[in-house]
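Structural description and commentary
For reference, the chains in residue letters:
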Amino acid sequence: MAASILIIEDDAKISEMLRRGLLFEGYRVETAPDGPTALEKLRQFTPDLIILDWMLPGMDGLEVLKRIRAALPDVPVLMLTAKDSVADRVLGLESGADDYLVKPFAFEELLARIHALLRRRQPTSDQGVLRFADLTLDTNMRIAKRGDRVIELTPTEYELLEFFMRNPRQVLPRDLIYERVWGYDFSGESNLLDVYVRYLRNKLEAEGEPRLIHTVRGVGYILREPDAV
């Protein structure tokens with residue numbers, strides 16, 4: 001069955017353009033012009049992906065996102081906005097968005113990002129538990145633990161951590177991480193990786209545990225033991 005997408009956008013022209021384009025690509029599409037309407041629709045069905053405009057009337061996109069995350073923590077959310085500063089991108093991601101696209105945008109880029117987000121939701125054929133130091137990742141249940149402490153991860157955080165754990169003790173270039181985790185070239189949006197590494201570090205080190213994800217300046221990141229040099 002085709003994937004379903006909910007578009008939350010108050011600009012009728014943009015909403016209709018997205019609806020027609022996504023229908024043509026084979027998706028099932030619902031639309032909502034504001035937050036309350038969207039939240040009511042989400043009580044009736046769970047989409048495979050949500051496209052959310054930041055600047056909505058009344059209840060803004062960040063508040064809508066907060067409520068979506070409380071009810072549907074695993075559904076990927078792609079934010080659309082005219083806000084293009086680094087601070088705004090970080091705020092959107094920290095609020096729970098899985099990706100961020102600045103208006104105006106090319107429809108082909110939107111499709112690429114949708115494809116990448118949906119691909120990451122597909123179940124992996126790999127079985128078992130990945131282990132590194134005191135960190136474990138159950139790839140069947142998609143549960144991470146540091147020792148006995150369960151770590152709650154967003155879909156993007158999970159994908160990033162899994163990539164690190166499948167490639168331990170290897171210096172992973174930034175471009176390779178973007179390609180394998182996000183599925184496309186981010187061009188100048190290189191801060192996105194730094195934001196998500198910070199998220200992971202904060203969660204993995206929440207109780208004072210030693211750092212496992214280390215920066216390799218000018219190259220990327222590496223997952224290595226805390227006492228390695």
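Residues numbered from 1 in each chain as written. Predicted model: local features only at pLDDT ≥ 70, side-chain atom pairs only at ≥ 80, totals over all residues. Heavy atoms only, no water.

**A look at the sheet that holds strand 6 (residues 129-132)**
Sheets are built from strands that pair by backbone hydrogen bonding, the pairs being arranged parallel or antiparallel. Applied cut-off: Strand pairing is defined by DSSP finding a minimum of two bridges between the two strands. Put simply, DSSP H or I for four residues or longer makes a helix, DSSP E for two residues or longer makes a strand, and each gets a number counted from the N terminus. For helices, the fitted line uses only the C-alpha atoms of the stretch in contact; every axis is such a line through C-alpha atoms, and the angle between N-to-C directions lies from 0 to 180 degrees. Only heavy atoms enter the contact rule, under which two residues are in contact if any of them lie within 4.5 Å.
Spatially, 6-7-8-9 is the arrangement adopted by the 4 strands of the open sheet, whose pairing is antiparallel. The open sheet has two edge strands, strand 6 and strand 9 (149-151), and neither has a second partner. The mean inter-strand angle of the sheet, taken between neighbouring strand axes irrespective of direction, is 25°. The pairing of strand 7 (residues 135-138) with strand 8 (residues 143-146) spans 4 bridges and is classified as antiparallel. Pairing of leucine 137 across the sheet is with alanine 144, part of strand 8. Against the sheet, helix 8 (residues 191-204) touches strand 7, strand 8 and strand 9, its axis set at about 160° to strand 9.

**Here's the deal with the pairing of strand 3 (residues 49-53)**
Let me state the cut-off plainly: Relative accessibility decides the category of a residue: with a 1.4 Å probe and only protein chains considered, values under 20% of the type maximum give buried, values over 50% give exposed, and everything between is partly exposed. Crossover handedness is defined by viewing with both strands directed away from the observer: a clockwise path from the first strand over the helix to the second marks the crossover as right-handed.
The buried fraction of strand 3 is high, at 5 of 5 residues. Residue alternation in strand 3 divides its side chains into two sets, Leu49, Ile51 and Asp53 and Ile50 and Leu52, and both sets are buried. Bridging between strand 1 (residues 4-8) and strand 3 involves 4 bridges; their strand directions are parallel. Looking at the pairing, isoleucine 5 lines up with leucine 49 of strand 3. Strand direction decides the pairing type here: strand 3 and strand 4 (residues 77-81), joined by 4 bridges, are parallel. The residue bridging isoleucine 51 from the neighbouring strand is leucine 78, located in strand 4. With helix 3 (residues 61-71) bridging strand 3 and the parallel strand 4, this β-α-β connection has right-handed handedness.

**As for the packing of helix 4 (residues 86-94) against helix 8**
As a reminder, the rule being used: Working rule for angles: under 35 degrees goes down as roughly parallel, over 145 as roughly antiparallel, 65 to 115 as roughly perpendicular, anything else as oblique. A clockwise turn of the near helix away from the far one marks a right-handed crossing, whereas an anticlockwise turn of less than a right angle marks a left-handed crossing. In this classification, Asp, Glu, Lys and Arg are treated as charged, Ala, Val, Leu, Ile, Met, Phe, Trp, Tyr, Cys and Pro as nonpolar, and every other residue, Gly included, as polar.
Relative to each other, helix 4 and helix 8 sit at 40°, their axes nearing to 11 Å. Compared by their axis directions, helix 4 and helix 8 come out oblique. Crossing handedness for the pair helix 4 and helix 8: right-handed. Contact with helix 4, carried on its side by Val86, Arg89, Val90, Leu93 and Glu94, involves Asn191, Leu192, Val195, Tyr196, Arg198 and Tyr199 of helix 8 and no other residues of that element. Class assignment of the residues belonging to the contact of helix 4 with helix 8 gives a composition of 7 nonpolar, 1 polar and 3 charged.

**What to know about the packing of aromatic side chains**
As a reminder of what qualifies: When two rings of Phe, Tyr or Trp (its six-membered ring) have centres within 6.5 Å they constitute a pair, described as stacked for plane angles under 30 degrees, edge-to-face for angles over 60, and tilted for the intermediate range.
In the structure shown here, the tally under the stated rule is 4 aromatic pairs. Here the aromatic residues Tyr178, Trp182, Tyr196 and Tyr199 are joined through ring pairs into a cluster of three or more.

**Some words on the sheet that holds strand 5 (residues 99-102)**
The 5 strands are arranged 2-1-3-4-5 in an open sheet whose pairing can be described as parallel. A strand with exactly one partner marks an edge of an open sheet, and here the two such strands are strand 2 (28-32) and strand 5. The average undirected angle you get between the axes of adjacent strands in this sheet is 20°. Two strands pair when backbone bridges link them, and strand 4 and strand 5 are joined in this way by 4 bridges, in the parallel orientation. The residue of strand 5 that forms the bridge with methionine 79 is tyrosine 100.

**Side note on the domain arrangement of the protein chain**
Stated precisely, the cut-off is as follows: Here the bounds of each domain stem from an automatic or database domain assignment. Joining two parts hides part of their accessible area as seen by a 1.4 Å probe, and the buried area is that hidden amount summed over both. The working definition used for a salt bridge is a side-chain nitrogen of Lys or Arg within 4 Å of a carboxyl oxygen of Asp or Glu. Nitrogen and oxygen atoms within 3.5 Å of one another constitute a polar contact, given that in protein one can donate a hydrogen and the other can accept it, and given that sequence-neighbouring residues count only through two side-chain atoms.
By the assigned domains, the protein chain splits into domain 1 (2-118) and domain 2 (127-221). Across the boundary between the two partners, domain 1 contributes 14 residues, which contact 13 residues of domain 2. Around 1,200 Å² of area is buried between domain 1 and domain 2 when both sides are counted, 47% of it from carbon and sulfur atoms. Counting across the domain 1 and domain 2 interface gives 0 salt bridges. Summed over the shared surface of domain 1 and domain 2, the number is 2 residue pairs in polar contact (both at pLDDT 80 or more). Elements with a contribution of two residues or more to the side of domain 1 that touches domain 2: helix 4, strand 5 and helix 5 (107-121). Here the residues of the side of domain 1 that touches domain 2 are counted per class, giving 8 nonpolar, no polar and 6 charged.

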